[in-house]
Amino acid sequence: KSSKREWKPLEDHSCTDVPWLLLFILFCVGMGFICGFSIATGAAARLLSGYDSYGNICGQKNVKVEGIVNSGLDLTHKKYVFFLDPCNIDLVHQRIKSLALCVSACPRRELKTLADIQKFAETNGSTLCSYELQPSEYTTDPRAAKLCPKYPVPESAPIPFFHRCAPVNISCYAKFAEALITFVSDSSVLHRLISGVMTSKEIIMGLCLLSLVLSMILMVIIRYISRVLVWILTILVILGSLGGTGVLWWLYAKQRVSASAVETQIAKDNLQALLIYAISATVFTVILFLIMLIMRKRVALTIALFHVAGKVFIHLPLLVFQPFWTFFVLILFWTYWITVLLFLGTTGSPVPNEEGFVEFRMVGPLKYMWWYHVVGLIWISEFILACQQMTVAGAVVTYYFTREKRNLPFTPILASVNRLVCYHLGTVAKGSFIITLVKIPRMILMYIHTQLKGKENACARCMLKACICCLWCLEKCLTYLNQNAYTATAINSTNFCTSAKDAFVILVENALRVAAINTVGDFMLFLGKILIVCSTGLAGIMLLNYQRDYTIWVLPLIIVCLFAFLVAHCFLSIYEMVVDVLFLCFAIDTKYNDGSPGREFYMDKVLMEFVENSRKSMKDAGRGGGAEGRELKPM
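Residues numbered from 1 in each chain as written. Predicted model: local features only at pLDDT ≥ 70, side-chain atom pairs only at ≥ 80, totals over all residues. Heavy atoms only, no water.

Next up on the list: helix α13 (residues 412-451). Taking 1.5 Å of rise per residue, 40 residues should cover 58 Å, yet α13 covers just 49 Å from first to last C-alpha, more than 12% shy of that figure. The sharpest bend along α13 measures roughly 85° and falls at histidine 424. (Helix = DSSP H or I, 4+ residues; strand = E, 2+ residues; numbered from the N terminus. Expected span 1.5 Å × (residues − 1). Bend = angle between axes of the 7 residues up to and from the residue.)

See below:
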């Protein structure tokens, strides 16, 4: 029935999925309760001010904990947490396995002996040994070997806002990372990688800025020269992939000659990295050429659709900045979520552990607040992303179904946000909850797979990976259907289920066009991302090549390329979203309108030319009787 009823774009606005909005509000209230509970139980003070191994909060008077010595002390003048052995990391329990004390000041220079520690205490009034030892006893009491810090005591500095003394020397953190990265057998390799990042940090920041500029330039090119963009992009990708591959092989040959004269470990590492990069680039270039050879016949159909999307960005320039707002909101929420997570880590009642020190643990039903908090991370993050999809869909729908573009709202983006807040937050909450229901089981299975790695048999491992893969595919399909459901909601103000059903019917009726047009468009946008990554990576190779004698630039180059792909994906995903919304609007327009009086098309002339050209090409291919003619049929 829904496929036969008339669509009335932008004529009626009504609230959709109100019960789901109320459920989402209640869930957010629960998230706020967790935050308030953790603050009320003193977790915020323990997190920000820090606490010692006896349960005392630094910088204030404390209450005595039964059965714990050295608890209930007045530490008003001792505001910093100091660990006797800060580099002793317990990876199993994810904490520093060391006695923690509250001190007046962090040691700002290295202390090599107990005499230095005693002198520091007498000079600065900051006692670095346990509370039961007086500074005069540091060099005479035999308990000092256990109750005083492990020397040499590294130079430390307080962490801003968190009042913890942290070692200034990066080697301590390198050892921690060393324990996490199991594939590094030689610790010197990790030290050289970290030093390479620190040495090249200015170049890394400059290349990240370059990727941002290139993404903005590509968006401008899409807006103004969309007709020739596809061919320019194809040629540039071909030249870029060939040029990048050739440069890598040239650098490998050049450095192989120079490495034979200078036998250093850094030179050998760079030579091996260049060989791996060159082989990977060659394989990637061959695969890319094969894909472009297969897709070449359908490139012409994409050009007109890109032109229409480019006109949308001309009329709606604020669409370009949607990734910034979404990223900003996500950063704010993730900051809040991590802060509350840290609060939960210090929430609970003081309980003595097996070593006689104090730990804070939650008992009873309160210990399940962790799971609620994790579900909140996924649902609210998906809700924010869905709000962006609904905002973009509403703005593009307004553009498409407004016959006179002069009558567009002054800011269609803000008008779309207003409709979202007033009418469709429930629909967004329901759609994001469905994605959450699929994502949580997949994450649980991934966690189980990680924990059982090397312990399960081959059959169980295969089944586990198959389930993870199926859930991932289901998540991607539901995400695509959700996006089209949001478009249908923006058009007709129907609830989520009705909109999803209507959008699904339209997509099934135009399945061949979805495959022939959307796939090519997404592939061309993927080529744009590859172009930005290749350009940034090539610039990074040329710049970092000057530091090859004293810096390993494997890790800096990987960081730059990952950041470039992330930036390009954020920008071009908006363009991809606009293309998908335009296609659904176009399919609805051609289904329910025929150009007769009273049922005029909403599409502009460029899209009408696109329809005619597509039909001609399909008819010509059909006369040939080949496989291509049987695949594509007129609407």
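The next point concerns the pattern of salt bridges. Considering all chains together, one arrives at five salt bridges under this definition. The closest approach of N and O atoms between glutamate 382 and lysine 439, which form a salt bridge, is 2.6 Å. Residue glutamate 382 is located in helix α12 (residues 369-400), and its partner lysine 439 is located in helix α13; the two are separated by 57 residues in the primary sequence. Using a relative accessible area of 14% as the deciding quantity, one classes glutamate 382 as buried. The buried category is assigned to lysine 439, whose relative accessible area is 16%. Residue lysine 439 pairs with glutamate 475 through a salt bridge whose shortest N-O separation is 3.3 Å. With lysine 439 in helix α13 and glutamate 475 in helix α14 (residues 458-492), the pair connects residues that are 36 residues apart, well separated along the chain. The same class applies to lysine 439 as to glutamate 475, namely buried. Connected via shared salt-bridge partners are Glu382, Lys439, Arg442 and Glu475. (Salt bridge = Lys/Arg side-chain N within 4 Å of Asp/Glu carboxyl O. Buried < 20%, exposed > 50% of the residue type's maximum accessible area, 1.4 Å probe, protein only.)

Here strand β4 (residues 100-103) shows a buried face lined by Ala100 and Cys102 and a second buried face lined by Leu101 and Val103. Summarising the sheet, strand β1 (residues 80-83) and β4 pair through four bridges and their orientation is antiparallel. Within β4, the residue paired with phenylalanine 83 across the bridge is alanine 100. (Pairing = 2+ DSSP bridges.)

Any functional reading would require information beyond the geometric quantities listed.
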